[in-house]
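Each chain is listed here by its residues.
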Amino acid sequence: MFALIDCNNFYASCERVFNPELNNQPVVVLSNNDGCVIARSNEAKALGIPMGQPAFQLEKLIRENNVKVFSSNYALYGDMSSRVMNILSQFSPELEVYSIDEIFLKLEGFDLYDFHAYGTQMITTVYKNTGIPISVGIAPTKALAKVANKIAKKFKDRTNGTYVINTPEKIEKALRWTEIGDVWGIGRRYATKLKNIKVNNAWQFTQLPAQYVLKEMTIVGHRLHRDLSGVPTLELDEIAIKKNIAVTRSFDKMLDDYEDMKERVSTYAAKVSSKLRNQNSCCKVAYIFIHTNGHREDLPQYSNGITVQLPYSTNSTIVISKAALRGLSRIFKKGYQYKKAGIILMDLTPDTEKQLTLFYKEDHRHQILMKTIDRLNLNCFDKVKFGGQDLNHTWKMRQEHLSKRYSTRLNEIITVKC
DNA sequence: TCTGGGGTCCTAGGACCC
DNA sequence: TCTGGGGTCCTAGGACCC
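Residue indices begin from 1 for each chain and proceed along its sequence in written order. Here every chain gets a letter starting at A, and every ligand a number starting at 1, in the order they are written. A pLDDT threshold of at least 70 governs which residues receive local features in this predicted model, and a stricter bar of 80 or more applies before side-chain atom pairs are shown or counted, although totals over entire chains, interfaces and linings include all residues. Only heavy atoms go into the side-chain values, all of them from the structure, while hydrogens and water stay out.

## Remarks on the sheet that holds strand 11 (residues 303-314)
Filter applied, for reference: DSSP-based pairing: two strands are paired if at least 2 bridges between them are found. Helix and strand definitions follow DSSP, with helices as H or I runs of at least four residues and strands as E runs of at least two, each counted in order from the N terminus. Lines fitted to C-alpha atoms define the axes here, with helix axes fitted over just the stretch in contact, and angles between the N-to-C directions of these axes take values from 0 to 180 degrees.
Pairing within the open sheet is antiparallel, and its four strands lie in the order 9-12-10-11. Looking at the sheet topology across the chains shown, the edges are occupied by strand 9 (245-255) and strand 11. Geometrically, the sheet is characterised by an average inter-axis angle of 15 degrees between neighbouring strands, direction not taken into account. Strand direction decides the pairing type here: strand 10 (residues 281-292) and strand 11, joined by eight bridges, are antiparallel. If you follow F289 over to strand 11, its bridge partner there is G305.

## Here's the deal with the pattern of salt bridges
To be explicit about the condition: By definition, a salt bridge exists where a carboxyl oxygen of Asp or Glu is found within 4 Å of a side-chain nitrogen of Lys or Arg.
Tallied over the entire structure, the rule returns 17 salt bridges. Here K106 makes a salt bridge to E108, at a shortest N to O gap of 3.7 Å.

## So, the packing of aromatic side chains
Selection rule: Pairing of aromatic rings covers Phe, Tyr and Trp, the last through its six-membered ring, and needs centres within 6.5 Å; plane angles under 30 degrees mean stacked, over 60 mean edge-to-face, and all others mean tilted. Buried means the residue's accessible area, taken with a 1.4 Å probe over protein chains only, is under 20% of the maximum for its type, while exposed means over 50%, and partly exposed covers the values in between.
Summed over the entire model, instances satisfying the criterion amount to 19 aromatic pairs. Where F104 meets W184, the ring centres are 5.6 Å apart and the plane angle is 40 degrees; that geometry is what we call tilted. In this pair, F104 sits in strand 6 (residues 102-106) while W184 sits in the loop between helix 8 (168-177) and helix 9 (188-196), placing the two residues 80 residues apart along the sequence. By relative accessible area, F104 is classed as buried at 0%.

## What about the nonpolar core?
In a soluble, globular protein the nonpolar side chains are often hidden away together inside. Short version of the rule: For this analysis, a nonpolar core means a set of buried residues of the types Ala, Val, Leu, Ile, Met, Phe, Trp, Tyr and Cys, connected via side-chain atoms within 4.5 Å. In what follows, a contact means two residues having at least one pair of non-hydrogen atoms within 4.5 Å.
Ranked by internal contacts, the top residues of the largest apolar core, which has 36 residues, are I5, L88, M122, I132 and I134. Secondary-structure elements contributing two or more residues to this core are strand 1 (2-7), helix 1 (10-17), strand 2 (27-30), helix 4 (74-88), strand 6, helix 5 (115-130) and strand 7 (134-139). Ranked by residues supplied to this core, first place goes to helix 4 with seven residues. Among all residues touching I134, those that are not within four sequence positions of it are I5, D6, C7, N8, L88, M122, I123 and V126.

## A closer look at the protein's contact with DNA strand C
This is how the line gets drawn: Here a residue is considered near a molecule or strand provided that any single heavy atom belonging to it is located within 4 Å of it. Polar contacts here mean pairs of N or O atoms no more than 3.5 Å apart (in protein, one a potential hydrogen donor and the other a potential acceptor; neighbouring residues in sequence count only if both atoms are side-chain atoms). The classification used treats Ala, Val, Leu, Ile, Met, Phe, Trp, Tyr, Cys and Pro as nonpolar, Asp, Glu, Lys and Arg as charged, and all other residues, Gly among them, as polar.
Neighbouring DNA strand C are 13 residues, the closest being K146, G185, G187, R189 and Y190. A share of 100% of the atoms of DNA strand C within 4 Å of the protein falls on sugar and phosphate groups. One nitrogen or oxygen atom from the side chain of D101 is found 3.4 Å from a sugar or linking oxygen belonging to DNA strand C. Interatomic distance of 3.5 Å between a backbone N/O atom of I186 and a phosphate oxygen of DNA strand C. The set of elements that each furnish at least two residues to the surface near DNA strand C consists of strand 5 (94-99) and helix 9. Sorting elements by how many residues they give to the surface near DNA strand C places helix 9 first, with three residues. Considered class by class, the residues forming the surface near DNA strand C number five nonpolar, three polar and five charged.

## Looking at the protein's contact with DNA strand B
Contacts to DNA strand B come from 24 residues, most closely from S31, T248, R249, S250 and K339. For DNA strand B, the backbone makes up 75% of the atoms found within 4 Å of the protein, where backbone means sugar plus phosphate. At a separation of 2.4 Å, a phosphate oxygen of DNA strand B approaches a polar side-chain atom of K339. For DNA strand B, a phosphate oxygen lies 3.2 Å from a polar atom in the side chain of K340. Looking at the surface near DNA strand B, the elements that each hand over two or more residues are helix 11 (210-229), strand 9 and strand 12 (338-350). The element best represented in the surface near DNA strand B is strand 9, accounting for six residues. For the surface near DNA strand B, the per-class residue count stands at eight nonpolar, seven polar and nine charged.

That is the geometry; function is a separate question.
Spelled out as structure tokens, the structure:
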């Protein structure tokens with residue numbers, strides 16, 4: 001059996017842990033630059049606030065319903081996530097952290113367990129130790145565990161947060177209840193396509209001939225088809241190192257000056273290089289892109305990107321920054337209002353396995369320098385920067401509703417008044 | 001005024017090899 | 001009239017996830 005545990009309205013729940021006044025209130029969390037809604041409490045969902053809606057379009061609704069608004073606080077969410085995952089990892093030796101708020105556990109050898117009671121135990125433990133509410137779905141396959149989780153959440157009153165699918169009858173019932181577009185792995189495109197042939201729920205999907213699914217939805221759809229039918233097909237994915245690492249950001253305002261763009265790209269290059277070192281990898285290729293504001297139809301549009309080969313496999317901020325700026329110089333065009341830039345590092349290898357080159361010699365002092373900078377920045381909160389970066393804090397993300405980093409900064413720790 | 005930021009996997013087709 | 005039979009690697013684009 002597999003369990004899929006996910007945190008209810010995760011970002012909103014994190015805010016509530018440290019601010020109990022938010023309980024039973026509509027809460028939303030916004031994306032970077034306070035752009036779009038990316039998390040909603042149940043009360044906010046009930047008001048009809050959709051995922052991804054731009055915040056400025058919701059001003060009236062927010063005001064009239066006293067919706068509590070937060071800028072995203074990834075320091076807080078990331079730390080709360082690792083606490084939750086740590087606790088849940090004690091419930092099975094085999095696990096896959098699937099996203100910031102979801103984890104699969106493989107329950108092999110748990111045949112004698114009362115799964116519902118086990119799920120309840122997870123919920124109680126996580127809530128007691130972190131304050132985060134979770135839901136638990138347990139079923140013979142990963143795809144069915146996803147379905148079970150959805151049911152656990154939807155019928156919380158009856159399920160108490162845990163739902164177990166363990167018989168063919170329950171599989172059929174659960175699949176008939178699941179709309180095709182809500183199936184894990186069926187996105188908008190496939191949902192439309194399937195509805196056109198009168199496949200409206202997950203059960204009808206499992207009744208399609210395997211050959212048809214393979215042909216129309218590739219091997220990916222075929223695996224899902226089996227897994228959903230109750231034949232274990234999708235296995236736990238091992239925790240792998242990432243194959244791409246990116247930092248891409250919209251600016252708080254539009255930029256047309258080359259020097260400003262250089263500064264942005266340098267800053268992103270430094271961020272992304274530090275992420276790369278953090279997973280002990282090096283990269284061979286960097287992709288740099290810039291584009292104008294696609295929402296401004298009144299302005300001329302331009303977007304471009306370029307792949308830059310690095311002289312050797314590296315994770316040095318100095319080398320990666322230089323390459324990124326070289327890329328920028330090739331794609332930057334004067335006369336446009338830019339809104340976004342990004343850098344994606346590709347062709348990653350573990351830094352212990354990097355290929356040396358014959359013609360370029362890496363400056364080994366970089367490694368020592370980077371290590372020192374990383375250590376300083378860990379302790380001193382990103383105070384060490386390179387000359388090309390945003391030394392004067394000229395660029396700030398719009399974060400007008402940012403909560404404190406309660407769990408990772410001593411000087412932002414919560415104060416309790418008696 | 002204001003519109004996010006990450007990731008993965010698969011396939012088809014082109015360019016190339018012998 | 002008729003024009004081989006294997007391969008590999010790379011890339012762009014499409015689908016999906018949170």
